[in-house]
Amino acid sequence: VYGPMKGIGITNIFKKHPSQIVCSAPGVGEHNREIFSAWGFSDEEIDTAFDAFLLGIPVARLHALESLRCHYKIYVLSNTNAIMYNQGIRREFEKDGKHREDYFDGICTSFEEGVAKPDRRIFEAVVRKFGIRPQETLFFDDSQTNLDAAAELGFKTWLVAEGTEFMEAFGE
C-alpha cells in the first residue's frame, strides 16, 4: 500500500490516518479523492498513485479472454474503485485496441454495487444481475477467502495463484 503513495510524497499517511484511507471498498475513489485533496494533493497525483497499484494485464491474457468468450459467457466481478476502474484498468483493456466491454458479457464492480468480495451480497448481486446459476459457474480469483465465499453459494472455484494464469484451468 505504501509504495504507490510514496511517489506523490505520502509516506506515513496510512499510519497516521488508517481509518480515513480505504483501498478497496464501495465509494472508495470519491472518498479518498476528498481526503487526499484536503491534504493538498492534485487530482493528477491521486490518479497516478492509484494507477500504480495496477500490475498490468498481458496482451496474451486479453487474447485468452477473447478465445474463451467464443465458447462461454464471461463475467467479471472486481473489487475496485472508480479512479482505478475508469483510468488505469480501462487503459489496460484498451492496449490491444478494444474496450473492457469487448471481453466480457457483464461487469460487476464493488464501487457500483456498494459491497465488496468476500461479502456474499456481491456474489448474490452477480447472480441476480446476470441470471447465472452458481452451480454452473466457475469463479476465478487470486484470494482463497473470496473463493471460499463464492463456494458457500455453490460456485465452482479456481485459485489463480501468483505466477499462474487462469487458462491453466482449461489445460492450457
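Residues numbered from 1 in each chain as written. Predicted model: local features only at pLDDT ≥ 70, side-chain atom pairs only at ≥ 80, totals over all residues. Heavy atoms only, no water.

**Student:** I keep staring at helix α6 (residues 82–94) and nothing clicks. Help me out?
**Tutor:** Think of an α-helix as 3.6 residues a turn; residues three or four steps apart then line up on the same face. Relative to the 18 Å expected for 13 residues at 1.5 Å per residue, α6 spans 17 Å between its end C-alpha atoms, a close match to the ideal helical length. Listed as buried for α6 are A82, I83, M84, Y85, G88, I89, E92 and F93. (Helix = DSSP H or I, 4+ residues; strand = E, 2+ residues; numbered from the N terminus. Expected span 1.5 Å × (residues − 1). Buried < 20%, exposed > 50% of the residue type's maximum accessible area, 1.4 Å probe, protein only.)

**Student:** Explain a nonpolar patch on the surface here, please?
**Tutor:** Together, Y72, L138, W158 and F170 give the surface a local cluster of nonpolar side chains, amounting to about 360 Å² of exposed area. Inspection of the secondary structure puts Y72 in the loop between α5 (59–69) and β1 (75–78). (Patch = residues over 30% accessible without salt bridge, like charges linked within 9 Å, V, L, I, M, F, W, Y side chains within 5 Å. Areas by Shrake-Rupley, 256 points an atom, 1.4 Å probe, with all protein chains shown as cover. Salt bridge = Lys/Arg side-chain N within 4 Å of Asp/Glu carboxyl O.)

**Student:** When you look at helix α9 (residues 144–152) in this model, what are you seeing that I'm missing?
**Tutor:** Listed as buried for α9 are N146, L147, A149 and A150. Projected down its long axis, α9 shows its buried positions confined to an angular sector of 160 degrees, all on one face. Structurally, α9 contributes buried residues whose contacts are with α8 (120–130), β3 (138–141) and β4 (156–159). Following α9 by one or two positions, G154 has its phi on the positive side, about 100 degrees. (Arc of directions from axis to C-beta. Contact = heavy atoms within 4.5 Å.)

**Student:** I'm lost on the pattern of salt bridges in this one. Help?
**Tutor:** Opposite charge on two side chains allows them to pair when their charged atoms are near. Under the defined criterion, the tally for this structure stands at eleven salt bridges. Between D119 and R121 there is a salt bridge; the shortest N-O distance is 2.8 Å. According to the relative accessible area criterion, D119 is partly exposed, its value standing at 25%.

**Student:** Help me out: how do you make sense of the nonpolar core in this one?
**Tutor:** Soluble globular proteins tend to pack their nonpolar side chains together in the buried interior. Counting residues in each nonpolar core, the largest one holds 18 residues, and the members touching the most others are L65, F93, Y103, F104 and F166. Looking at this core, the elements with two or more residues in it are α5 and α6. A per-element tally of this core places α6 first, with five residues. Among all residues touching F104, those that are not within four sequence positions of it are L65, R69, I74, Y75, V76 and F93. With 14 residues, the next largest nonpolar core counts V115, V126, F130 and L147 among its residues. (Core = buried A, V, L, I, M, F, W, Y, C linked by side-chain atoms within 4.5 Å.)

**Student:** Mind showing me how you'd approach the environment of P134 here?
**Tutor:** When you line up the elements, P134 lands in the loop between α8 and β3. We classify P134 as buried; its relative accessible area is 12%. Ignoring any residue separated from it by four or fewer positions in sequence, one finds P134 in contact with V127, L153, G154, F155 and K156.

**Student:** What's the story with the pairing of strand β2 (residues 106–109) in this structure? I'm lost.
**Tutor:** Two faces belong to every sheet, and in a regular strand the side chains alternate between them. A two-sided burial pattern is seen for β2, the buried positions comprising G106 and C108 on one face and I107 and T109 on the other. In the sheet, β1 pairs with β2 via four bridges, with the strands oriented parallel. If you follow S78 over to β2, its bridge partner there is T109. Where the polypeptide runs from β1 across α6 and back to β2, its parallel neighbour, the crossover connection is right-handed. (Pairing = 2+ DSSP bridges. Right-handed = clockwise from strand over helix to strand, strands pointing away.)

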